[in-house]
Amino acid sequence: MKRVAILLSGGGSNMVKLVESMTGDHPARPVLVLSNDPAAGGLSRAAERGVPTAAVDHRPFRGDRTAFEEVLHARLLEAAPDILCLAGFMRILTAGFIDRWQGRMLNIHPSLLPKYRGLHTHARALAAGETEAGCTVHEVTADLDDGPLRGQARVPVLPGDTAEVLAARVLAAEHLLYPAVLRRFAAGDLTPVRLDSAAG
Ligand code: GRF
């Protein structure tokens with residue numbers, strides 16, 4: 001049974017779907033939900049579901065990423081995870097941390113990578129006149145939002161879409177994609193998951 005730690009910074013809707021998917025014959029179980037923000041809503045949503053939680057507040061480290069990551073890494077080791085899932089984790093990780101987890105760490109990004117790495121993906125896709133959008137689950141490497149692709153879900157861009165409306169449509173696809181990718185990844189299957197979700 002693989003042990004999964006989920007890292008988040010916000011509400012944790014992706015974490016909830018991942019946790020709720022790890023039941024029955026699923027080859028993994030959640031062992032920790034960890035946030036860089038002690039006030040993250042996802043921490044209480046994890047606790048409500050019986051998942052151990054922890055917070056390592058990044059602010060006292062005043063930008064010393066390595067020092068923050070040393071504490072983060074030590075706290076993770078206490079839970080002995082086999083897999084890390086970044087799910088709305090909004091801190092950039094250094095190559096030093098990534099080297100220690102590479103091959104065991106996934107992230108979900110709200111665009112069809114390699115398009116629209118970075119932030120504000122939906123506004124940028126709309127500004128570019130894209131007719132479709134979506135989300136990508138990839139392995140985390142030192143190149144930001146650029147590791148090996150493990151899953152992708154496509155959604156249509158509809159006339160009159162705002163960034164908020166498109167974000168909600170993509171988020172619904174994220175909630176289908178990430179659990180599907182984690183189940184395969186935990187089973188050692190690296191075949192990318194491809195979803196073309198309904199107009200939604
Ligand atoms: C999602 O938009 C995801 O694509 C991005 O951060 C957001 C996470 O939302 N990585 P939530 O905290 O899982 O609700």
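This report concerns the structure included in the present document. Model, not experiment: these values are computed from the prediction. For every chain, the first residue of its written sequence is number 1, and the numbers climb from 1 along that sequence. In keeping with the predicted nature of the model, local features appear solely for residues at pLDDT of at least 70, side-chain atom pairs appear and are counted solely at 80 or more, and the whole-chain, interface and lining totals rest on all residues. Excluded from the side-chain calculations are hydrogens and water; all other atoms, namely the structure's heavy atoms, are used.

**Digging into the sheet that holds strand β7 (residues 149–156)**
And step 1. Here, strands pair whenever DSSP counts at least two bridges between them. Only DSSP runs of H or I reaching four residues or more are called helices, and only runs of E reaching two or more are called strands; each is numbered from the N terminus. If you trace the eight strands from one edge of the open sheet to the other, you get β3-β2-β1-β4-β5-β6-β7-β8, paired in mixed fashion. Only two strands of the sheet have a single neighbouring strand rather than two, namely β3 (53–55) and β8 (193–196). Averaged over all pairs of adjacent strands, the angle between strand axes in this sheet comes to 20 degrees, irrespective of strand direction.
And step 2. Here strand β1 (residues 2–8) runs beside strand β4 (residues 83–86); their pairing, made up of four bridges, is parallel. Across the sheet, residue V4 finds its bridge partner in β4, namely I83.
And step 3. Lying over the sheet, helix α1 (residues 13–21) contacts β1, β2 (28–35), β4 and β5 (105–109), oriented at roughly 165 degrees with respect to β1.
And step 4. Contacts from helix α3 (residues 65–79) reach β1, β2, β3 and β4, with the element oriented near 155 degrees to β2. What counts as an axis is a line fitted to C-alpha atoms, over the stretch in contact for a helix, and the angles between N-to-C directions run from 0 to 180 degrees. Residues count as neighbours in contact if any of their non-hydrogen atoms are within 4.5 Å of one another.

**Structural notes on the layout of surface pockets**
And step 1. Method remark: on a 1 Å grid restricted to protein atoms, a set of points is classed as a cavity if a 1.4 Å probe fits but cannot get out and as a pocket if it is open with protein on both sides within 12 Å along at least five of seven lines; lining residues have an atom within 4 Å of a point. Grid points are joined across faces, edges and corners, and a volume is the space filled by probe spheres set on the points. Quantified by volume, the largest pocket comes out at close to 860 Å³.
And step 2. As for the largest pocket, its lining consists of 39 residues, of which F89, M90, I108, H109 and P110 are closest to the centre.
And step 3. Mapped onto the lining of the largest pocket, the elements with two or more residues apiece are α1, β5, α5 (121–127) and α6 (163–186).
And step 4. Considering every element that reaches the lining of the largest pocket, the biggest residue donor is α6, with five residues.
And step 5. Taken together, the residues of the lining of the largest pocket break down into 19 nonpolar, 15 polar and five charged.
And step 6. Residue ranges for the domains trace back to a domain assignment, done automatically or taken from a database. Each of two domains, domain 1 (1–101) and domain 2 (108–194), supplies a minimum of three residues to the lining of the largest pocket.
And step 7. Considered as a void within the structure, the second largest pocket measures approximately 160 Å³ in volume.
And step 8. Around the second largest pocket, the lining comprises 16 residues; the ones closest to its centre are L112, K115, Y116, E132 and A133.
And step 9. Secondary structure elements with two or more residues in the lining of the second largest pocket: α5 and β6 (132–139).
And step 10. When grouped by side-chain class, the residues that make up the lining of the second largest pocket number seven nonpolar, five polar and four charged. Classification used: nonpolar for Ala, Val, Leu, Ile, Met, Phe, Trp, Tyr, Cys and Pro, charged for Asp, Glu, Lys and Arg, polar for all others including Gly.

Keep in mind these numbers describe shape, not what the thing actually does.
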